[in-house]
Amino acid sequence: MDQASINAIRNAEIPAFNHLIGGKQVPASNGDTMKVVSPIDGSQLTTIARGTADDMTSAIASARAAFVDGRWKNMPPAMRKRVMHRWADLIEEHALELAVLGVRDNGTEIAMAYKAEPMSAAATLRYYGETTDKIYGEIAPTPNDILGMVHHEPVGVVGAIIPWNFPLMIGAWKIGPALALGNSIVVKPPETASLTLIRIAELALEAGIPDGVLNVVTGEGAVVGEAMALSMDVDVIAFTGSGNTGRRLLEYSARSNLKRVYLELGGKSPHIIFNDTSDLAKAAKVVAGGIFRNSGQVCVAGSRLLVQREIRHDFVKAVAEAAKMLNPGDPLLLETAVGAINSEVQLNQNLEAVQTAVSEGGEVMLGGERVLAETGGFYMEPTIIDGISPDNTLFQQEVFGPVLSVTQFDDEEEAIRLANHSDYGLAAGVWTCDVSRAHRMIKAIHAGVVHVNTYGGPDVTVPLGGVGQSGNGSDKSLHALDKYMNLKTAWMQL
Ligand code: NAD
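Residues numbered from 1 in each chain as written. Predicted model: local features only at pLDDT ≥ 70, side-chain atom pairs only at ≥ 80, totals over all residues. Heavy atoms only, no water.

Trainee: Looking at this structure, how should I read the site of the ligand?
Mentor: Surveying the vicinity of the ligand reveals 30 residues, the closest of which are Glu191, Ser242, Thr245, Leu265 and Glu398. With respect to the ligand, the backbone of glutamate 226 contributes an N or O atom lying 3.5 Å from a nitrogen atom. At a separation of 3.3 Å, an oxygen atom of the ligand approaches a polar backbone atom of glycine 241. Alone, the ligand offers 850 Å² of accessible surface; in the complex the protein occludes 91% of this. Listed by contribution, the elements that provide at least two residues to the shell around the ligand are helix H8 (221–230), strand S10 (236–240) and helix H9 (243–255). (Near = heavy atom within 4 Å. Polar contact = N/O pair within 3.5 Å; in protein donor to acceptor, adjacent residues only side chain to side chain. Areas by Shrake-Rupley, 256 points an atom, 1.4 Å probe, with all protein chains shown as cover. Helix = DSSP H or I, 4+ residues; strand = E, 2+ residues; numbered from the N terminus.)

Trainee: Can you walk me through the pairing of strand S12 (residues 270–273) in this structure?
Mentor: Each regular strand displays side chains that alternate between the two surfaces of the sheet. Here S12 shows two buried faces, one formed by Pro270 and Ile272 and the other by His271 and Ile273. In terms of strand pairing, S12 meets strand S13 (residues 304–308) through four bridges, oriented parallel. Paired with isoleucine 273 across the strands is valine 307, a residue of S13. Where the polypeptide runs from S12 across helix H10 (residues 280–292) and back to S13, its parallel neighbour, the crossover connection is right-handed. Two elements, S12 and strand S19 (residues 427–431), share three bridges in a ladder whose sense is parallel. Bridge pairing in S19 links histidine 271 to glycine 429. (Buried < 20%, exposed > 50% of the residue type's maximum accessible area, 1.4 Å probe, protein only. Pairing = 2+ DSSP bridges. Right-handed = clockwise from strand over helix to strand, strands pointing away.)

Trainee: Sorry, what's going on with the nonpolar core here?
Mentor: One broad trend across soluble globular proteins is that nonpolar side chains are buried collectively. Membership of the largest hydrophobic core comes to 93 residues, with the highest contact counts inside it found for Trp87 and Leu305. The leading source of residues in this core is helix H6 (residues 167–180), at nine residues. By size, the runner-up hydrophobic cluster in this structure holds 25 residues, among which are Leu306, Phe378, Val403 and Ala447. (Core = buried A, V, L, I, M, F, W, Y, C linked by side-chain atoms within 4.5 Å.)

Trainee: Would you mind showing me how to read the side chain of lysine 81 here?
Mentor: In this fold, lysine 81 is placed in helix H3 (residues 77–93). On the accessibility criterion, lysine 81 (17% relative accessible area) is buried. The residues touching lysine 81, leaving out its near neighbours within four places in the chain, are Gly129, Glu130, Thr132, Asp133 and Lys134. (Contact = heavy atoms within 4.5 Å.)

Trainee: Just checking my understanding: could you explain the pairing of strand S6 (residues 146–154) for this structure?
Mentor: Sheet analysis places strand S5 (residues 138–139) next to S6, joined by two bridges and oriented antiparallel. Along S6, the bridge assignment pairs glutamate 138 with valine 150. As judged from the nine bridges shared by S6 and strand S23 (residues 485–493), these two strands associate in the antiparallel manner. Looking at S23, one finds that isoleucine 146 is bridged to glutamine 493.

Trainee: Just checking my understanding: could you explain the packing of H3 against H6 for this structure?
Mentor: Axes are the key here: two packed helices are described by the angle between their axes and the distance separating the axes. Direction vectors running N to C along H3 and H6 enclose 160°, while the axes themselves pass 10 Å from each other. For the element pair H3 / H6, the angle class is roughly antiparallel. Taken as a pair, H3 and H6 cross one another with a handedness that is right-handed. Across the interface between the two elements, Arg80, Met84 and Trp87 of H3 pack against Ile175, Gly176, Leu179 and Ala180 of H6. Counted by class, the contact of H3 with H6 contains five nonpolar, one polar and one charged residues. (Axes fitted to C-alpha atoms, helices over the stretch in contact; angles between N-to-C directions. Parallel < 35°, antiparallel > 145°, perpendicular 65-115°, else oblique. Left-handed = near helix turned anticlockwise from the far one by under 90°. Nonpolar A, V, L, I, M, F, W, Y, C, P; charged D, E, K, R; others polar.)

Trainee: Please clarify how helix H12 (residues 344–359) should be interpreted in this entry.
Mentor: Within an α-helix, residues lying three or four positions from one another point in the same direction, as the helix has 3.6 residues per turn. Counted at 1.5 Å a residue, the expected span for H12 with its 16 residues is 22 Å, and the 23 Å between its end C-alpha atoms agrees. Looking only at H12, the buried set comprises Gln346, Leu347, Asn350, Ala353, Val354 and Ala357. Burial along H12 is one-sided: seen end-on, the buried residues are contained in an arc of 115°. Opposite the buried face of H12, by more than 90 degrees, sit the exposed residues Val345, Glu352, Gln355 and Ser359. (Expected span 1.5 Å × (residues − 1). Arc of directions from axis to C-beta.)

Trainee: Would you mind showing me how to read the pattern of salt bridges here?
Mentor: When the charged atoms of two side chains with opposite charge come close together, those side chains can pair. If you walk through the whole model with that rule in mind, you get 24 salt bridges. In this structure, the salt-bridge partner of lysine 134 is glutamate 130, at a minimum N-O distance of 2.6 Å. On the accessibility criterion, glutamate 130 (30% relative accessible area) is partly exposed. We note a salt bridge from lysine 188 to glutamate 191, for which the minimum N-O separation is 3.7 Å. Overall, the relative accessible area of 2% leaves lysine 188 in the buried class. Within the structure, one salt-bridge network assembled from shared partners comprises Lys81, Glu130, Asp133 and Lys134. (Salt bridge = Lys/Arg side-chain N within 4 Å of Asp/Glu carboxyl O.)

Trainee: How should I be thinking about the packing of aromatic side chains in this particular structure?
Mentor: Any two aromatic rings considered together are summarised by their centre-to-centre distance and by the angle between their planes. Under the definition given, this model contains three aromatic pairs. With a centroid separation of 5.2 Å and an interplanar angle of 70°, the aromatic rings of tryptophan 164 and phenylalanine 400 are classed as edge-to-face. With tryptophan 164 in the loop between strand S7 (157–161) and H6 and phenylalanine 400 in the loop between helix H13 (393–396) and strand S18 (403–409), the pair connects residues that are 236 residues apart, well separated along the chain. An identical accessibility class is assigned to tryptophan 164 and phenylalanine 400; each is buried. Ring geometry for phenylalanine 274 against phenylalanine 409: centres 5.3 Å apart, planes inclined by 75°, an arrangement best described as edge-to-face. Of the two residues, phenylalanine 274 sits in the loop between S12 and H10 while phenylalanine 409 sits in strand S18, which places them 135 residues apart along the sequence. Across this residue pair, the class does not change: phenylalanine 274 and phenylalanine 409 are buried. (Phe/Tyr/Trp six-rings, centres within 6.5 Å; stacked < 30°, edge-to-face > 60°.)

Here it is in structure tokens:
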């Protein structure tokens, strides 16, 4: 990827996008569309179908028909693997096109988007494709006259509801294991970042995934997402997004067919710096990157800096210096460290969070403002707010923007108490050169992932899931397969 090839396609016309149902592009049943606005400059890029509940019903029916006739689940596993690998290859071949399309849609800086979106989605699909002919059933340790077997069966129809920050990466975390096991799937992309998910679904058809196995229905969460989650014919919902929507999905399940609902929700992740950290300059840079990349629109963003009293002053200064190197700019320039905020709505929420923090006594050390408004796009400075105490809103509530709070602690016990003083439990970071302390912290912190002397970067080989109000299941790794399979026991008298 180089700048000239990005520039060559950055203004390419984008056709109107429709749903993909039963292998065909289908407009909304009432012909309605939604504008797609680019956060880069506020211009209209194209339109997507504004789906109706009927559209969702028809996609679910198409997925069910494909599952029942077995066109995918009964394909020999090694053949399914080949198709999934071919799909991953096609995504890689189209990586530049997909990265530019995605950045125009959601505003992430291209250098990150290229790796984190098409390339990571391809790697994930390849990883799960590889499992198709490696998952065995079990034979139970029964008495001699009995044969007890455990079969792994696909659940049937999976509904995947995806957020806008990394639609391809997060989409692949759900689509990969669901398809590897032979399920059919209906994907509901986020309103403000639908285009790349539709595009990779077209590539899936080209790769040989049969019609109806992978369907995409665009539109508003409150309409098509709700219709999916209320359906009597969806077996599992796999969701990533906000806690509010997660709560609704559990309700929809209770009101319909008790489908399983897996939730990957938000976070307020602590990034903890002890004064025995051997390379504080490096830690400061990693802390800045850990919150400001993709403008803080990262579920595991280290948004609460907890720093030990003795080093607090100098360390926060170093983080601020590192953050100044991460000024936002045109996300389609390779040199840009931080791109745009996904939407005007999100930008305004971020600015509001800063106002609330200040009204509660926080001190803005850096940033706090919208910038580059003259572009028509949505950009915000990296923002650091010092003097935040555990009862402040900024300590408790996720912003999902480039806002870092600073709180100091005296000792390990206080660091643990502050880290766990949250309804969330998604990620954490610990910097120390004391190995025993690192192990104690890993055990003590309530989180799905604890980084030590680094932040971010776990790949598909390890699970990502939250505890507390950060969710109830894990994406990634072989463990994610469990969400999309049923265990069936066979008990035979011999
Ligand atoms: P959101 O909950 O507003 O939307 C997520 C998806 O849910 C979208 O596709 C939306 O259309 C759909 N939706 C909205 N209302 C719905 C309803 N009533 N019924 C069904 N579907 C509905 O979240 P968002 O703003 O897109 O994403 C940001 C959130 O996602 C943050 O909280 C972030 O931390 C979280 N997130 C978590 C992870 C993780 O792995 N834990 C990863 C990325 C983002």
